[in-house]
Amino acid sequence: MTIGVLPSLPSYDGAELVIPAPGEGPGNWAGAASAVLVDGVFWLTWRNRRPLSDGRGVTVSVARSTDGVRFEIVTEVHRDQFGCESLERPVLVPLPDGGGWRLYLSCATWDSKHWWVDSLTADTVEGLPEGRRQVVHPGSDTVAVKDPVIAIDPVTQTWQMWLCCHPLTEPGHEDRMTTRYLTSTDGLEWHDDGEVLAGRPGRWDARGARVTTVVSHDPLVVLYDGRADAESNWYETTGIARWDGTQLVADAEAAPIASPHSDGAFRYASAVPLPDGRIRYYVEAAREDGAHDLITLVR
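Here's what I pulled together on the structure shown here. In this text, all values refer to a predicted model and were calculated from it rather than measured experimentally.

## A closer look at the overall build of the chain
- Looking only at helices and strands, the chain has zero helices and 21 strands in total.
- Taking the principal axes of its C-alpha atoms as reference, the chain extends roughly 45 × 45 × 40 Å.
- Counting only residues that meet the buried cut, the chain has 57% of its 299 residues in that class.
- Once local pairs closer than 6 in sequence are excluded, the contacts in the chain between residues at least 24 apart make up 50%.

See below:
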């Protein structure tokens, strides 16, 4: 893979703060965001997360902005609405032909390592908390699913999902992760087309690989989160991979992108193409006190 032909990648340099962590110190995170640009308006959704002892992922916020930096919160969803222990990455998708909006949510089952993907659909963003709910992927007794990346193919109009999967078959090793690719005609019923990205033994992403955003469709290029070991769970850094016709292949030469602060986390990147050809990225990044802020940058 030749970095020179790839889109410009994010880094911590020159980033601007979008949403500060909800508190000071490790475990306080604002991030796991996704964003879209619709008719000149940036729509951003993220989860607000506290330390394990204080409730984990409590709420998901949805906000709008005209400059991509200063956001006004439009609505919020609380974990109690889904009867879940924690919320992780949400995804906000404008439905085709002005058909409304859908919010995908990653939900943790109480007192377990299991996760599932749920959804809310409404005519307006403001109406999402009271929207029509439908489970999108229930996971299973052997696999937890979360943190979807969702796109609609610009040519075929096929819905695409890159889904993070955690095996539950070995107690104490549920943090391992791979990415599977799914397709759909409506964004609710999905067909699993198989695993497309996994960690590489002996490399910085040995413990797992989670696709976080699509930066190019032709050729297909993605950013992904990875980590070397279980101890680095929640402190993932970012790599790049490209489709080779059958699977996503990680760049063999590039070092992962990391924050220069505390645990080094630089994860859950979301790429928003701009009209001028550049990309605005949103990333959850570690700051000096160990909390994670949601930052943005243009490349």
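After that view, the rundown keeps rolling.
## Let's talk about the sheet that holds strand β16 (residues 220-227)
- Taken together, the four strands give an open sheet; going across it, the order is β15-β16-β17-β18, and neighbouring strands pair in antiparallel fashion. Edge positions in the sheet fall to β15 (208-217) and β18 (248-250), since each of these pairs with one other strand and no more. Averaged over all adjacent pairs, the angle separating strand axes in this sheet is 35°, with direction ignored.
- As defined by bridge partners, strand β17 (residues 237-243) adjoins β18 across three bridges and the pair is classed as antiparallel. The residue bridging Ala-241 from the neighbouring strand is Ala-250, located in β18.

## Considering the environment of Ser-216
- Checked against the element boundaries, Ser-216 lands in strand β15.
- For the pair Ser-216 and Glu-231, spaced 15 residues apart in sequence, the C-alpha to C-alpha distance is 32 Å.
- Polar side-chain contacts of Ser-216 include one of 2.6 Å to the backbone oxygen of Pro-219.

## Focus: the pattern of salt bridges
- Applying the stated criterion across every chain yields a total of 20 salt bridges.
- Here Arg-267 makes a salt bridge to Glu-236, at a shortest N to O gap of 2.8 Å. With Arg-267 in strand β19 (residues 266-273) and Glu-236 in the loop between β16 and β17, this residue pair connects regions lying 31 residues apart in the sequence. Side by side, Arg-267 and Glu-236 carry an identical accessibility label, which is buried.
- The partner of Arg-278 in a salt bridge is Asp-276, with the nearest N and O atoms 2.9 Å apart.
- Among the residues examined, Arg-278 registers a relative accessible area of 43% and is labelled partly exposed.

## So, the pairing of strand β9 (residues 115-122)
- Burial within β9 is extensive, with eight of its eight residues counted as buried.
- One ladder, built from eight bridges, connects strand β8 (residues 101-108) with β9; its direction is antiparallel. Each residue of the ladder has a partner; that of Cys-107, found in β9, is Trp-116.
- Hairpin geometry of β8 and β9 is characterised by an intervening segment of six residues between the two adjacent antiparallel strands and by a positive phi of about 55° at Asp-111.
- Pairing analysis gives two bridges linking β9 to strand β10 (residues 132-133), with the strands arranged antiparallel. Looking at β10, one finds that Leu-120 is bridged to Arg-133.

## Section: the packing of aromatic side chains
- Taken as a whole and judged by the stated rule, the model has five aromatic pairs.
- Ring centres of Trp-162 and Tyr-181 lie 5.3 Å apart, and the angle between their planes is 45°; on these two criteria the pair is classed as tilted. Taken together, the positions of Trp-162 in strand β12 (residues 159-167) and Tyr-181 in strand β13 (residues 178-184) put the pair 19 residues apart, joining distant regions of the chain.
- We classify Tyr-181 as buried; its relative accessible area is 19%.
- Above the ring of Trp-115, the side-chain terminus of Lys-146 is found at 4.9 Å from the ring centroid.
- The side chain of Arg-267 reaches across the aromatic face of Trp-29, ending 4.8 Å from its centre.

## A few points about the sheet that holds strand β11 (residues 143-152)
- Strands sit in the order β11-β12-β13-β14 across an open sheet of four strands; the sheet is antiparallel. The two strands at the open ends of the sheet, each matched to only one other strand, are β11 and β14 (190-197). Averaged over all pairs of adjacent strands, the angle between strand axes in this sheet comes to 30°, irrespective of strand direction.
- With five bridges joining them, β13 and β14 adopt antiparallel strand pairing. Residue Thr-179 lies in a different strand from β14, and its bridge partner there is Leu-197.

Reading the values: the criteria
Residues numbered from 1 in each chain as written. Predicted model: local features only at pLDDT ≥ 70, side-chain atom pairs only at ≥ 80, totals over all residues. Heavy atoms only, no water. Helix = DSSP H or I, 4+ residues; strand = E, 2+ residues; numbered from the N terminus. Buried < 20%, exposed > 50% of the residue type's maximum accessible area, 1.4 Å probe, protein only. Contact = heavy atoms within 4.5 Å. Pairing = 2+ DSSP bridges. Axes fitted to C-alpha atoms, helices over the stretch in contact; angles between N-to-C directions. Polar contact = N/O pair within 3.5 Å; in protein donor to acceptor, adjacent residues only side chain to side chain. Salt bridge = Lys/Arg side-chain N within 4 Å of Asp/Glu carboxyl O. Phe/Tyr/Trp six-rings, centres within 6.5 Å; stacked < 30°, edge-to-face > 60°. Lys NZ or Arg CZ within 6 Å of the ring centre and 35° of its normal.

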